[in-house]
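What follows is each chain in one-letter form.
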Amino acid sequence: MAAARVDSKLLSRTFDWGKVLAKLPDGSAARKDLIALRAKHDQLRERLDSNPAKAAPIDFDQYRKMIAKPGFVDSMEKVYTDLLGKVPYPADSFSAEIDSRQKDADKHFATVITEAKDIAQELQMSLDEFNKLPPFENMTWDDFFDRFPKYEQRLDKALFNYELDGNLQHVDEVIEGKLESSGQDSAAVAKK
């Protein structure tokens, strides 16, 4: 098999096509592209596996029977065996670099995964905190400001600057920062 010629590191790695396909939505372009890639991979793999790992030896005895000229096949066999031992194969100068890059990539991916897990944990804690809150309809302003103090500072600032003029209909705008950022004064807001 020709696959036996491939480096053992590559053969030890497998790609789970089904696992990746399960993560892609049905009918998406990425799914179609992955299916096409898998078909091409299977086609190339079949072609590679159809070739023997080692070339079949030449049967010089068969040629001796068919060729009448004496010594011709013997001289060809001698030239063939001499050339076979002299074929220079290029030195492997890339495996060390590939291995070092793979180790660097593994370290990088490990840090990325760790950071992603930390972020996911922080987000999960925030979500748990948020889920512990009572419904906003049941909260008083004090409850709200105890949990979200930055909004209390905005409202206090708006009240101090007389942006509300006692009109509490626009408290939501102040809390969201719309009233401050829009540059509207209290008279313009009151006219709305």
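Because the structure is a prediction, the values reported are computed rather than measured.

Within the protein chain one finds 11 helices and zero strands. Counted from the first residue to the last, the protein chain has its helices and strands arranged as α-α-α-α-α-α-α-α-α-α-α. Burial statistics for the protein chain: of 192 residues in total, 14% are counted as buried. Of all intrachain contacts in the protein chain linking residues separated by at least 6 positions in sequence, the fraction that spans at least 24 positions is 31%. As displayed, the protein chain offers around 16000 Å² of accessible surface, 58% of which is attributable to carbon and sulfur atoms.

Bringing the side chain of Ser 28 into the picture now. With respect to the helices and strands, the residue Ser 28 is situated in the loop between α2 (17–23) and α3 (29–50). At 3.2 Å, the side chain of Ser 28 forms a polar contact with the backbone nitrogen of Arg 31.

Taken as a whole and assessed by the stated rule, the structure comprises eight salt bridges. Between Arg 38 and Asp 42 there is a salt bridge; the shortest N-O distance is 4.0 Å. Linking Arg 38 with Asp 42, this pair stays in helix α3, spanning four residues, or about one helical turn. Judged by relative accessible area, which is 34%, Arg 38 ranks as partly exposed. Using a relative accessible area of 33% as the deciding quantity, one classes Asp 42 as partly exposed.

Moving on, we come to a nonpolar patch on the surface. The grouping of Ile 58, Tyr 63, Met 66, Ile 67, Phe 72, Met 76, Tyr 80 and Leu 84 at the surface amounts to a nonpolar patch, some 740 Å² of accessible area in total. Listed by contribution, the elements that provide at least two residues to the nonpolar patch are α4 (60–66) and α5 (72–86). For the nonpolar patch, the element with the most residues is α5, which contributes four residues. Relative to the helices and strands, Met 76 is located in helix α5. Of the residues examined, Met 76 reaches a relative accessible area of 42% and is grouped as partly exposed.

Further remarks concern a negative patch on the surface. Residues Asp 142, Asp 146, Glu 152 and Asp 156 make up a contiguous surface patch of negative charge. Elements with a contribution of two residues or more to the negative patch: α7 (141–147) and α8 (149–160). Topologically, Asp 142 is positioned in helix α7. The exposure class of Asp 142 is exposed, given its relative accessible area of 56%.

The next point concerns the confidence of the model for the protein chain. Across the protein chain, pLDDT averages 78, with 74% of residues at or above 70. Mean pLDDT values for the elements of the protein chain range from 43 in helix α11 (residues 186–191) up to 93 in helix α6 (residues 95–132). Note on residues 179–192: pLDDT is under 50 here. Beyond four places in sequence and across chains, it has 17 contacts.

About the criteria used
Residues numbered from 1 in each chain as written. Predicted model: local features only at pLDDT ≥ 70, side-chain atom pairs only at ≥ 80, totals over all residues. Heavy atoms only, no water. Helix = DSSP H or I, 4+ residues; strand = E, 2+ residues; numbered from the N terminus. Buried < 20%, exposed > 50% of the residue type's maximum accessible area, 1.4 Å probe, protein only. Contact = heavy atoms within 4.5 Å. Areas by Shrake-Rupley, 256 points an atom, 1.4 Å probe, with all protein chains shown as cover. Polar contact = N/O pair within 3.5 Å; in protein donor to acceptor, adjacent residues only side chain to side chain. Salt bridge = Lys/Arg side-chain N within 4 Å of Asp/Glu carboxyl O. Patch = residues over 30% accessible without salt bridge, like charges linked within 9 Å, V, L, I, M, F, W, Y side chains within 5 Å. Lys, Arg positive; Asp, Glu negative; His and termini not counted. Charge placed at Lys NZ, Arg CZ, Asp CG, Glu CD. pLDDT = per-residue confidence, 0-100.

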